[in-house]
Amino acid sequence: MTIGRRTFLTRTGGLVTVGGVAGLAGCTGDGGDDEDEETTTESGGGATTTQDGGSGDSEDLKIGVLLPFSGDYAWVGANVLPVVQMIGEEINEQGGIGGRNVSVVQGDTEASPDASVSATNRLVNVENVDGVIGPTSITMSAVIDTLVENEVPVITPTAGTTSLDTRGGDYIFRTVSSDSLGGRAIAKAAREQQYNSIQDYERMALMVGDKEVFQSFKEPVRSSFEEFGGTITTTMDIRTGKASYTSEVQSMMDSDPEICVLIASVEDSVKITEAGFQAGYEGNWFATQDQTNQDFLSQSENQVTEDMLGLNAATYQPAQEAGRLESFFDRITEYADWDEGGKVFATNTYDAMNVMGLAMTQVAASGDDLTGPNVADAIHTVAKPPEQQVTSYTEGAEAIADGADVDYEGLVGPINFDENGDIVAPFSIKKAEGGEWTEAGRLPPEAL
Amino acid sequence: MVFDNLLQTVVFGLIEGSVIAVGAVGLTLSYGVTRFINFAYGEFLTYGAYLTVFLAAGVFGMSLPLPVAAVVALVLVGLLGVAVSRVFFEPISDRGALPLLITSIGVSFILRNLLQGWVGVSAKQLPIPLLRRQEYFGIRLTHLELGVVVAGVVTMLLIHLLLQRTMLGKRMRATSGNRSLAEVAGIDTTDVIRQTWFISAAAGALSGVLYAVLFAPFRPGVGFEYLIVIFAATLLGGIGRPYGAMLGAFFIGLAMNFGSTYLSANYTRAYAFIILVGVLLVRPEGIRGGEF
């Protein structure tokens, strides 16, 4: 098979021409560029925006969703994005905010600090987002300064990291409990039988993965357990992603604990609990929110996980009694075609996005510019009692239009941000029985 | 207590050593006749483990008992090895070791990403029961761990018999010793090389299956990541020398487990790296010089 010189030249010539045209197309007009940008962003997560086709991009209020959409933590983005889009559509159906529609843009952090920095720079400098939902604990410390310096209001439904305990409240807020509360809840629930339904655990070991997202839990659990009168037998940092944890489990067992708190990824936790079973570990395990899900139990054998304890965010009683939780689940399962509404972070996102929308509406209603500082200030006011209580964006926007001062009441809790932008919410202590998580006890924030 | 722990660590080292040994022997056999380090070898481990999972779980329409699934997987990966060598390596076999080595890295990427595209990145495990360790003469181990050691030892014996007692083994040794001379003596070396590829890839697959028995769950990157451990054993034994590879494998297995137990568990594979570097610096010909 030979290619003649003429054919060869024609072909390469053709290629050059195509390349040249593409190059030129890239240079034409800003408007075209913007649209390209928009398309690329969305194809990442295979999602659609809520923007109205008629209105121009530049006039839209942009909400950036800064979360992992690919990699091991892609499920976080997948759980959060549809809820953001659903509320975005609700806002647009109400005529938008100050006459402007809301559109949603994605920034994929890949759950890696490096990728999160470039995703954040793109959202802030290229997309010029007016608010951000996200990020997770894994990437929070990598991007927090960029977001604050650029005065972008951020409400994260996913970052429990203790590094936010003393930061935030100016531009950074969260609708998820801090890990320091979560850690305290684990310590309390392990220490007192009334919360775990098994026994008062006295001796506790800790096995903690060597990533920020896991390390964040370590100190709260350790110090609280000692404060509640327990003994820590050993605190081990373990390397994530190892093939086997036989040696680690052996040293944990050598310290003779009654319960071991396991703060690690689902996959590593499966390996560790199985290694414990093989080695004849007699004590119990206590897992964090990361493993207290069906995913973990379905990867493990029931004989390994039986009676294991886990921590979860509890349903907020008033929201459940009023049927708001149920109606949210119905709405999101239909909107996003999910098989269950109670996915991790879904309710937190509902609250985050409602507060963001209401804050912007509040700013628009008072005739101010929708700048970062104004919106961030309003986030405090729309969630603060004692004025008219509202539970959804539509209800809140109507109240604001009537001139009322609203107090948003959420699905995960009353959503009253403290000076650091944190909330308190109740915890639920789960126990694994026959491959299912059942509720063993409930820990109100007051008990901590 | 201290002695118990020591004994237990030795046992764990030997168990993992068996997995490494099977892999190292396979790698070193193919090096012996092809004279290049095959970076795609790790994928044979991965494919062995994954095919066994799928054959046992009925992904291909039938669910075989685990041992049968493993044997079928071994044969399939053996054939894959032959196919890979014919498509990628035979056409450039006369270009020297470096192009072959670089090609093998490319092949490894292709195979790994094909698998990843097909099955995704989520973790898988073999459908085997989880057992508690039982005590035999002060040593604690499960039946499965015992099985891994037995499988390792039997494989070593079979390879030994193959090399010493069969015509194929003699041809392999002849080809490895001097390919031109072997050809002059009337040996169809191309054929020998293909047969060696089959055995080598199948040994890799078996190593992958044994790995999967011990260390579940696993992901598509598993073989490539474990390759460095196998390299360390192979080099330690003197590359191209099957008996050296066996010895090197048990040494690496012991080193990794002793390091994890008595130094720090966070650096398990680093101990294999340290030995690898040490061998290259001090004794590049390996602990076992001499013949194939």
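For every chain, the first residue of its written sequence is number 1, and the numbers climb from 1 along that sequence. For this description, chains carry letters from A and ligands carry numbers from 1, given in the order in which they are written. This being a predicted model, a pLDDT of at least 70 is required before a residue's local features are given, and a value of 80 or more before pairs of side-chain atoms are given or counted; all residues contribute to the totals for chains, interfaces and linings.

Asker: Which residues make up the nonpolar core, and what values go with them?
Answerer: Among the nonpolar cores identified, the biggest contains 124 residues, and Val 84, Ile 133, Met 207, Leu 262, Val 355, Ala 359 and Ile 379 of chain A are the most heavily contacted of them. For the purposes of this entry, the term helix denotes a DSSP run of H or I that reaches at least four residues, the term strand denotes a run of E that reaches at least two, and both are numbered from the N terminus. Broken down by element, the residue count for this core peaks at 11 residues, all from helix H15 (residues 346-365) of chain A. Contact definition: two residues whose C-beta atoms, as placed from backbone geometry, lie within 7 Å. Those residues in contact with Leu 262 of chain A that lie beyond four places of it in its chain are Met 207, Ser 269, Ile 272, Trp 285, Phe 286 and Ala 287 of chain A. Core membership is restricted to buried Ala, Val, Leu, Ile, Met, Phe, Trp, Tyr and Cys residues, and these are joined into a nonpolar core through C-beta atoms within 7 Å. Neighbour counting defines burial: a residue surrounded by 20 or more other C-beta atoms within 10 Å of its own C-beta is buried, one with 12 or fewer is exposed, and intermediate counts give partly exposed, using backbone-placed C-beta atoms. Membership of the second largest hydrophobic core comes to 83 residues, among which are Val 25, Ala 40, Leu 210 and Ala 232 of chain B.

Asker: How would you explain the sheet that holds strand S10 (residues 309-313) of chain A if you had to name every residue and give the values?
Answerer: Residue and element names in this part refer to chain A. Each pair of strands is called paired provided DSSP finds at least two bridges between the two strands. One open sheet holds the 7 strands; their spatial order is S7-S6-S8-S9-S10-S13-S14, and the pairing between them is mixed. Of all the strands in the sheet, just strand S7 (231-238) and strand S14 (436-443) have a single pairing partner and so form its edges. Across the sheet, the mean angle separating the axes of adjacent strands is 25 degrees when strand polarity is ignored. Along the sheet, helix H9 (residues 246-254) contacts strand S6 (203-209), S7 and strand S8 (259-263); its crossing angle with S7, the most-contacted strand, is approximately 170 degrees. Here an axis means a line fitted to C-alpha atoms, over the contact stretch when the element is a helix, while the angle between two N-to-C directions is reported on a 0 to 180 degree scale.

Asker: Outline the UniProt feature "transmembrane region" (unreviewed entry) in chain B, supporting the account with residue identities and numerical values.
Answerer: All names here are of chain B. Per the UniProt record, "transmembrane region" (unreviewed entry) is found at residues 6-32, 44-62, 68-89, 101-121, 141-163, 197-216, 222-239 and 270-287. Secondary structure content for residues 68-89 is 100% helix and 0% strand, while the C-alpha to C-alpha distance between its ends is 30 Å. Between the first and last C-alpha atoms of residues 222-239 the distance is 23 Å; the span itself is 83% helix and 0% strand. UniProt positions are given in the numbering used here, feature names are shortened, and annotations may be inferred rather than shown by experiment.

Asker: How would you sum up the sheet that holds strand S2 (residues 102-108) of chain A? Please name residues and give values.
Answerer: Backbone-to-backbone hydrogen bonds pair the strands of a sheet. The strands run either parallel or antiparallel. Residues and elements named next belong to chain A. With parallel pairing, 5 strands are arranged side by side in an open sheet as S2-S1-S3-S4-S5. Both edges of this open sheet fall to S2 and strand S5 (172-174), since each of them pairs with a single strand only. Across the sheet, the mean angle from the axis of one strand to that of its neighbour is 25 degrees, orientation sign disregarded. Here strand S1 (residues 61-67) pairs with strand S3 (residues 131-133) via 3 bridges, running parallel. Its bridge partner lying in S3, Gly 64 is registered against Val 132. On top of the sheet, H15 reaches S1, S3 and strand S4 (154-156); it is set at about 170 degrees to S3, its chief contact.

Asker: Please set out helix H14 (residues 324-336) of chain A residue by residue, giving values where relevant.
Answerer: All names here are of chain A. In this scheme, a helix's expected span is set at 1.5 Å multiplied by one less than its residue total. Look at H14: 18 Å from first C-alpha to last across 13 residues, which is about the 18 Å you get at 1.5 Å a residue. Every buried residue of H14 is listed here: Leu 325, Phe 328 and Ile 332. Down the axis of H14, the buried side of the element spans an arc of 60 degrees, and every buried residue falls inside it. Residues of H14 that are exposed and point over 90 degrees away from its buried face: Glu 326, Asp 330 and Glu 334. In this structure, the buried residues of H14 make contact with helix H3 (74-93), helix H13 (317-321) and H15. Taken from the residues just after H14, Asp 337 is the one with a positive phi, measuring 60 degrees. The directions considered for the arc run from the helix axis to the C-beta atoms.

Asker: Residues and numbers for the pairing of S8 of chain A, please.
Answerer: Residues and elements named next belong to chain A. In terms of burial, S8 is a largely internal element, 5 of the 5 residues being buried. Of the two faces of S8, the one lined by Ile 259, Val 261 and Ile 263 and the one lined by Cys 260 and Leu 262 are each fully buried. In the sheet, S6 pairs with S8 via 5 bridges, with the strands oriented parallel. Within the sheet, the bridge partner assigned to Ala 205 lies in S8 and is Cys 260.

Asker: Please provide a residue-by-residue account of unusual backbone geometry, values included.
Answerer: Trans peptide bonds make up the majority, and among non-glycine residues the majority have a negative phi. Residue Gly 134 of chain A is joined to Pro 135 of chain A through a cis peptide bond whose omega torsion reads -10 degrees. Note that Pro 135 of chain A resides in the loop between S3 and helix H5 (137-149). Residue Ala 216 of chain B is joined to Pro 217 of chain B through a cis peptide bond whose omega torsion reads -10 degrees. Structurally, the position occupied by Pro 217 of chain B is in the loop between helix H8 (189-214) and helix H9 (222-236). Of note in this structure, Asn 128 of chain A is not a glycine but carries a positive phi near 50 degrees. Residue Asn 128 of chain A is classed as partly exposed on the basis of its 13 C-beta neighbours within 10 Å. Positive phi, close to 55 degrees, is recorded for Asp 256 of chain A, a residue that is not glycine.

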